[in-house]
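# Chain and residue survey
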Amino acid sequence: MVDSQYYLPNDIGISALDCGEAFRLLSPQEKMYSHYLSRSAWYGGLAVLLQTSPESADIFVLLQKIFRKQTPSQLAQVVTAAGLSSEEYQAFLVYAAGLYANMGNYKSFGDTKFIPNLPKDKLKALVKASQAFQEQPTEMEALWNSCSCLLYSLEDRQKQLGLGDKGITTYFSGNCCLEDAELAQRFLDSKKLSAYNTRLFKRDNGGKACYEVRLASAVQKDCAVDGEGESCCGSFSFEDKEFTVKRGDYAPLMEKVSYYLQQAQGYAANENQRKMLEEYERSFTLGSVEAHKEGSRYWIKDKGPIVESYIGFIESYRDPFGSRGEFEGFVAVVNKAMSERFSKLVSSAEVLLPELPWPREFEKDTFLKPDFTSLDVLTFAGSGIPAGINIPNYDDIRQSEGFKNVSLGNVLAVAYATQKEKLTFLQEEDKDLFIKWKGPSFEVQVGLHELLGHGSGKLFVKDDEGKFNFDENKVINPETGEPVSSWYQGSETWDSKFSTIASSYEECRAECVGLYLCLIKKVLSIFGHEGEDAEDVVYINWLSMVRAGLLGLEFYTAESKSWRQAHMQARFVILCVLLEAGEGLVGLEEVTGADGKPDARITLDRSKIHTVGKNAIHRFLCKLQVLKSTADVEGGRALYAFYSTVSDTGAHNFLRLRETVLLRKEARKMFVQANTKVNGDSVELVEYEGSAEGLICSFTERFQDDAEKLEADLLEMSKKDSPCWC
């Protein structure tokens, strides 16, 4: 019997992401623009297969080959004869849907591996009974053999993503450890190269370690090419080690991304959009993060577009070191009514920022008013879909030029719809209120988290010329009462400095900002909540945060004492901060459920949120910001590690509670997305049902134009690097 955390249940929630109405309202030009951007995003998203695990691309191709020849309902007719029960066939469909939705065989939220919930011999029988196998037995047998072992393997190291002996990663070759990652980061810093679009491969050259830094690009030549002054590629000696910077990672995919971006340029609404796409195209062609930054600058200037998008190597959550970006691309349509609330929040930002608990000097010199829109997602390619985004992630741009916030409305509408019987760990009397206000309160939290969480706070920097961006003689550290004594040097960034904890720490800071500022009446009235309703929204926002902290234990690996999901670690930290505040603010007890199995109850005293709760978050949030501003890695690590500790000692046995959480966990929902198709001069939207079958069909139809070549390219890229993972 496989532990249930390593497979997806047959009754997992699968919902169609509705964007039909939003798409219909677009002009023909906007539809074309959306179509080509979507194509670009979907092809780029396939790079995630190669960024996740050695076997992901092979499994993807195996599934595509099977389902291109037979739809799930056609295949169902032959598998019964092959000896599969209907439950086993459904388990196979859920596994396939899960692989597509996560772009690999590790959960995008939690980074644990999932395997098919049916015996290996039954899956092999299914593959052999398929029409694809009947038509190409040699090729299909080879494909099955290349991935069937790893597809089912649950050896300790393969259970989760991680570096070295802690887990699986394809951002680094299998022989790399933390020291190699740190050395490579110092090398990249010395060359002023970003790690976002790179992978690191280490090999032994006559007893000497040699490192290859590989940039994602369509171009495979390492010399300077058209439009480049000089190439950043070449061989370098650094700290007595050999480093080579090469181009061409995911080249066939980057070529597709660039091609479709070029097509989209013809339908851009304005000059900013056109230049943005031009720079993105240059970035994916040459492997240049600088070009991507330039594109992001134009993107920030493109205020209030009807069709919003972003594409590239963006979030670094899944790099075990925390500085390499996973590919993602989204295309979405602005929801005007919802966006009005967010723009009111933006207008109030300058009044709200001084309410935050740190001194004025620790806030950016000027608040660069961002675009903040609510979007209905048409396409979101990558490993998963978030509820809100604050980008770009480039510190230098965010600090001095600005950023954009988006809330993904049609994702929120589906993701947080909850059935009462599935609501765990709450008192009975809280459940109806929770169901009523979870959506509206989360909308407030996302708005505050993205805009005033990620959008606030200053980083103290001493640049390469020795100039400070603050008065180093006058600014006092409120935690010590002494002048500020540390800062970021030159090209150091938040991610490169705080590396492994940067993502989770920053999510924690943003979540705390949301909790803290939602206590302000003006904020609630912007979102249309007044009087008792407003108090209910605050109560449910805080209650869902402490419940999320408990649920977060699912994403902690006890054996390696490590967290696998940045947001969930952040929420657990907040739970611990609020438990520590005492005075009966938060209650957490172990109980026995109605089914006789272990359960837990979490309670929150709503009369103490504005006093005990607010004071606790005030103190903690100030500490988080001061340590971040002053680049105090040691202090930041110590503070964060203290509240992230999961043990069986102390007031709460969190290791035992983790078992209870695992026992009662609910699988995360998966989304089915539409496709777009050009028909003469118009673009049609092809929608699918919200089921495993619908999700599978959407993927087989998504890449049908050049399926054979694409599959061959994926297998070739996968095979070329396979010796690196041993």
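Residues numbered from 1 in each chain as written. Predicted model: local features only at pLDDT ≥ 70, side-chain atom pairs only at ≥ 80, totals over all residues. Heavy atoms only, no water.

Named according to an unreviewed UniProt entry, the protein is Dipeptidyl peptidase 3 originating from Pleuronectes platessa. Turning to the protein, the UniProt annotation filed under Subcellular location (unreviewed entry) states: "Cytoplasm". (UniProt positions renumbered as here; feature names shortened; annotations may be inferred.)

This part is about the UniProt feature "binding site: Zn(2+)" (unreviewed entry) in the protein. Taking the numbering used here, the UniProt-annotated feature "binding site: Zn(2+)" (unreviewed entry) corresponds to His 449, His 454 and Glu 507. What stands out for the annotated residues spanning 59 residues is how close their C-alpha atoms remain, the widest pair being 8.4 Å apart. Checked against the element boundaries, His 449 lands in helix α17 (residues 428-453). Contacts of His 449, omitting those with residues within four sequence positions, involve His 454, Glu 507, Ala 510 and Glu 511. Tracing the chain through its elements places His 454 in the loop between α17 and β11 (461-462). Residue His 454 is classed as buried on the basis of its relative accessible area of 11%. (Helix = DSSP H or I, 4+ residues; strand = E, 2+ residues; numbered from the N terminus. Contact = heavy atoms within 4.5 Å. Buried < 20%, exposed > 50% of the residue type's maximum accessible area, 1.4 Å probe, protein only.)

The next thing to look at is the packing of helix α4 (residues 56-69) against helix α9 (residues 137-152). Taken N-terminus to C-terminus, the directions of α4 and α9 make an angle of 135°; their axes are 9 Å apart at the nearest point. Judged by the inter-axis angle, α4 sits oblique to α9. Note that α4 runs across α9; the crossing there is left-handed. Where α4 approaches α9, its residues Asp 58, Ile 59, Val 61, Leu 62, Lys 65 and Ile 66 are matched on the opposing element by Glu 139, Met 140, Leu 143, Trp 144, Ser 146, Cys 147 and Leu 151. Classifying every residue of the contact of α4 with α9 gives nine nonpolar, one polar and three charged. (Axes fitted to C-alpha atoms, helices over the stretch in contact; angles between N-to-C directions. Parallel < 35°, antiparallel > 145°, perpendicular 65-115°, else oblique. Left-handed = near helix turned anticlockwise from the far one by under 90°. Nonpolar A, V, L, I, M, F, W, Y, C, P; charged D, E, K, R; others polar.)

Turning next to the packing of helix α21 (residues 566-580) against helix α22 (residues 609-629). Relative orientation and spacing of two packed helices are given, respectively, by the angle between their axes and the distance between those axes. Following both chains from N to C, one finds α21 and α22 inclined at 120°, their axes separated by 9 Å at the closest point. One way to sum up the angle between α21 and α22 is to call them oblique. For the element pair α21 and α22, the recorded crossing hand is right-handed. Contact residues: Val 573, Ile 574, Val 577 and Leu 578 in α21; Gly 613, Ala 616, Ile 617 and Phe 620 in α22.

This part covers the packing of aromatic side chains. The tally for this structure, following the rule as stated, stands at 44 aromatic pairs. Ring centres 5.7 Å apart and planes at 90° place the aromatic pair Phe 60 and Tyr 100 in the edge-to-face group. Taken together, the positions of Phe 60 in helix α4 and Tyr 100 in helix α6 (residues 86-102) put the pair 40 residues apart, joining distant regions of the chain. For the residue pair Phe 60 and Tyr 100, the accessibility class agrees, reading buried in each case. A centroid spacing of 5.6 Å and a plane angle of 15° characterise the contact between Phe 330 and Phe 380, whose relative ring orientation is stacked. Here Phe 330, found in strand β7 (residues 326-334), pairs with Phe 380, found in strand β8 (residues 371-381); they are 50 residues apart in sequence, far enough to count as distant. Comparing Phe 330 with Phe 380 shows no difference in burial state: the two are buried. Members of the aromatic cluster, each reached through a chain of ring pairs, are Tyr 36, Trp 42, Tyr 43, Phe 60, Tyr 100, Tyr 259, Tyr 260, Tyr 267, Phe 699 and Phe 703. Above the plane of the ring of Phe 201 lies Arg 214, whose end atom (NZ or CZ) is 4.0 Å from the centre. Here the guanidinium or amino end of Arg 668 rests over the ring plane of Phe 109, the centre of that ring lying 3.7 Å away. (Phe/Tyr/Trp six-rings, centres within 6.5 Å; stacked < 30°, edge-to-face > 60°. Lys NZ or Arg CZ within 6 Å of the ring centre and 35° of its normal.)

Moving on, we get to the nonpolar core. Core analysis: the largest hydrophobic core is formed by 117 residues, its most contacted members being Phe 60, Phe 67, Phe 92, Leu 253 and Met 254. Residue contributions to this core peak at 10 residues, all from α6. Not counting chain neighbours up to four residues away, the residues in contact with Phe 60 comprise Leu 46, Leu 49, Leu 99, Tyr 100, Met 103, Phe 699, Phe 703 and Leu 714. Grouped together as the second largest cluster of nonpolar side chains are 94 residues, Phe 367, Val 475, Tyr 505 and Ile 602 included. (Core = buried A, V, L, I, M, F, W, Y, C linked by side-chain atoms within 4.5 Å.)

With mixed pairing, the five strands of this open sheet are ordered in space as β6-β7-β8-β10-β9. Both edges of this open sheet fall to β6 (307-315) and β9 (388-391), since each of them pairs with a single strand only. In this sheet, adjacent strand axes meet at a mean angle of 35° when their direction is disregarded. Strand direction decides the pairing type here: β8 and strand β10 (residues 404-408), joined by five bridges, are parallel. Bridging across to β10, Phe 372 finds its partner in Asn 405. Helix α14 (residues 336-352) contacts β7, β8 and β10 of the sheet and is inclined by roughly 135° relative to β8. (Pairing = 2+ DSSP bridges.)

This part takes up the pairing of strand β5 (residues 241-249). By the bridge criterion, six bridges tie strand β3 (residues 208-216) to β5 in an arrangement that is parallel. Bridging across to β5, Tyr 211 finds its partner in Phe 243. Where strand β4 (residues 234-238) lies against β5, five bridges are found, and the strand directions are antiparallel. Its bridge partner being in β5, Gly 234 is matched across the sheet by Val 245. Between the antiparallel neighbours β4 and β5 lie two residues, among them Glu 239 with a positive phi of about 50°.

On to the UniProt feature "active site" (unreviewed entry) in the protein, then. UniProt records the feature "active site" (unreviewed entry) for Glu 450 in the present numbering. Along the chain, Glu 450 falls in helix α17. Contact partners of Glu 450, with chain neighbours within four places excluded, come to Phe 372, Gly 388, Ile 389, Asn 390, Asn 405 and Gly 455.

Quick look at the pattern of salt bridges now. Under the counting rule described, the total for this entry stands at 48 salt bridges. Lys 709 serves as the salt-bridge partner of Asp 713, at 2.8 Å between the closest nitrogen and oxygen. With Asp 713 and Lys 709 both in helix α26 (residues 707-721) and four residues apart, this pair spans about one turn of that helix. Of the residues examined, Lys 709 reaches a relative accessible area of 55% and is grouped as exposed. One salt-bridge network, in which partners are shared between bridges, spans Lys 65, Arg 68, Glu 139, Glu 708 and Glu 711. (Salt bridge = Lys/Arg side-chain N within 4 Å of Asp/Glu carboxyl O.)

The next subject is helix α23 (residues 633-644). Taking 1.5 Å per residue as the helical rise, α23 with its 12 residues ought to reach 16 Å, and the 16 Å between its terminal C-alpha atoms agrees with that figure. Here α23 has its buried residues at Val 633, Gly 636, Leu 639, Tyr 640, Tyr 643 and Ser 644. On an axial view of α23, the arc spanned by its buried residues comes to 140°, and they lie on one face. Among the exposed residues of α23, those oriented more than 90 degrees off its buried face are Glu 634 and Phe 642. Looking at the buried positions of α23, the neighbouring elements they touch are α18 (494-517), β14 (562-563), α21 and α22. (Expected span 1.5 Å × (residues − 1). Arc of directions from axis to C-beta.)

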